[in-house]
Amino acid sequence: MNTNNQVKNAENEAVVLLNHAMLLAKASTSNNQHEIIQALDSNLKLWVEIETSLKNAKNLLPEDIKANLMKLSKFVERMILSKGLKMTKTDFDCLVNINMQISEGLVEAVKNNLAREEAFSLLKCAVDLSNARENNSTAELVSALDNNMKLWVYIKTLASDENNPLPKETKGNLIKLADYVSCRTLEVGKNVDSLNHKALDSMIMTNLQISEGLMSKRPAC
């Protein structure tokens, strides 16, 4: 997982969109033909890059968002190529608004998708722990405990990052939960042959509750 990198990349792209929006806004009131051409050409190249990025298999945006962005990129490209220097103030305003709205929504979309991925990881670990007990498999249980520990170490690392935008109280609660899960994991792991069902149930329930909380914070599609 590379949450910080993905969010940082989205933030950088948002800044680029805003910068191009400002160039377009300035060009819309300019009598300088070179300035107008430069702003339009720069924005066109930006949206061609966005379209190329959307086609990349490594792009983690949800499919519906990628499809909508693809339509927007085609719209922007057609408008600039067909009108060029004949662009009206209204046309410029349209391009400016598109850049600003996408800039605003881009970071939020990435964060929502990351929340969904983390929720799925928590849910999967909970299921694996439950299945290992049902199958009465020591090997499966050890593996599930190890994976759950790694996930919560990762969550604690994110929550401990001073650049994490989550509220301080939320980060504090996640750190406490991570410490709690680590203690329970060690407790269960020391006696896998004489399983502490209460501790295991607590770990499973913690994962399910946090997973549900992450999903409930995502906006309805």
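(A) Structural context of the overall build of the chain. When its secondary structure is counted, the chain shows seven helices and zero strands. Ordered by position in the sequence, the α and β elements of the chain form the string α-α-α-α-α-α-α. For the chain, with 221 residues in total, the buried portion stands at 40%. A separation threshold of at least 6 residues defines the contact pool for the chain, and within that pool the share at least 24 residues apart is 68%.

(B) Looking closely at helix H2 (residues 33-54). Helix length check: H2, at 22 residues, gives a terminal C-alpha distance of 32 Å against a target of 32 Å (1.5 Å per residue), a fit within 8%. Among the residues making up H2, those that are buried are Ile-36, Ala-39, Leu-40, Asn-43, Leu-44, Leu-46, Trp-47, Ile-50, Glu-51 and Leu-54. Buried residues of H2, viewed axially, fall in a sector of 160°; they line one side. Among the exposed residues of H2, those oriented more than 90 degrees off its buried face are His-34, Gln-38, Glu-49 and Thr-52.

(C) Looking closely at the pattern of salt bridges. Applying the stated rule across the entire model yields 12 salt bridges. With its nearest N and O atoms 2.9 Å apart, the salt bridge here joins Asp-128 to Lys-124. You can see Asp-128 and its partner Lys-124 sitting in helix H4 (residues 89-134), four residues apart, about one turn around the helix. You can call Lys-124 partly exposed: its relative accessible area is 43%. Note that Arg-133 is salt-bridged to Asp-201, the shortest N-O span being 2.6 Å. Placement of Arg-133 in helix H4 and of Asp-201 in helix H7 (residues 197-216) is noted, with a sequence separation of 68 residues between them. Residue classification places Arg-133 among the partly exposed residues on the basis of a relative accessible area of 21%.

(D) Up close: the packing of helix H5 (residues 138-160) against helix H6 (residues 168-190). Contact geometry of H5 with H6 gives a least axis separation of 9 Å together with a crossing angle of 160°. It follows from the interaxial angle that H5 and H6 lie roughly antiparallel. The two elements H5 and H6 meet at a crossing, and its hand is left-handed. On the side of H5, the interface is formed by Leu-145, Asn-148, Met-149, Trp-152, Ile-155, Lys-156, Ala-159 and Ser-160, while H6 contributes Lys-171, Leu-174, Ile-175, Leu-177, Ala-178, Asp-179, Val-181, Ser-182, Thr-185, Leu-186, Val-188 and Gly-189. Its residues assigned to classes, the contact of H5 with H6 shows 12 nonpolar, five polar and three charged.

(E) Expanded view of the environment of Glu-104. Looking at the secondary structure, you find Glu-104 in helix H4. Accessibility expressed as a relative area gives 66% for Glu-104, which makes it exposed. Placed 89 residues apart in sequence, Glu-104 and Val-15 show a C-alpha to C-alpha distance of 9.5 Å.

(F) Seen up close, the nonpolar core. Ranked by size, the top nonpolar core spans 23 residues in total, and within it Leu-24, Leu-40, Trp-47, Phe-92 and Leu-95 carry the most contacts. Listing elements by their share of this core, those giving two or more residues are helix H1 (3-27), H2, helix H3 (63-83) and H4. Top element by residues in this core is H2. It accounts for eight residues. Apart from the residues lying within four places of it in its own chain, the contact partners of Trp-47 are Leu-17, Leu-69, Leu-72, Ser-73, Val-76, Glu-77, Ile-98, Asn-99 and Ile-102. Counting residues in hydrophobic clusters, the runner-up holds 13 residues, among them Ala-126, Leu-129, Leu-141 and Leu-145.

Calculation rules
Residues numbered from 1 in each chain as written. Predicted model: local features only at pLDDT ≥ 70, side-chain atom pairs only at ≥ 80, totals over all residues. Heavy atoms only, no water. Helix = DSSP H or I, 4+ residues; strand = E, 2+ residues; numbered from the N terminus. Buried < 20%, exposed > 50% of the residue type's maximum accessible area, 1.4 Å probe, protein only. Contact = heavy atoms within 4.5 Å. Expected span 1.5 Å × (residues − 1). Arc of directions from axis to C-beta. Salt bridge = Lys/Arg side-chain N within 4 Å of Asp/Glu carboxyl O. Axes fitted to C-alpha atoms, helices over the stretch in contact; angles between N-to-C directions. Parallel < 35°, antiparallel > 145°, perpendicular 65-115°, else oblique. Left-handed = near helix turned anticlockwise from the far one by under 90°. Nonpolar A, V, L, I, M, F, W, Y, C, P; charged D, E, K, R; others polar. Core = buried A, V, L, I, M, F, W, Y, C linked by side-chain atoms within 4.5 Å.

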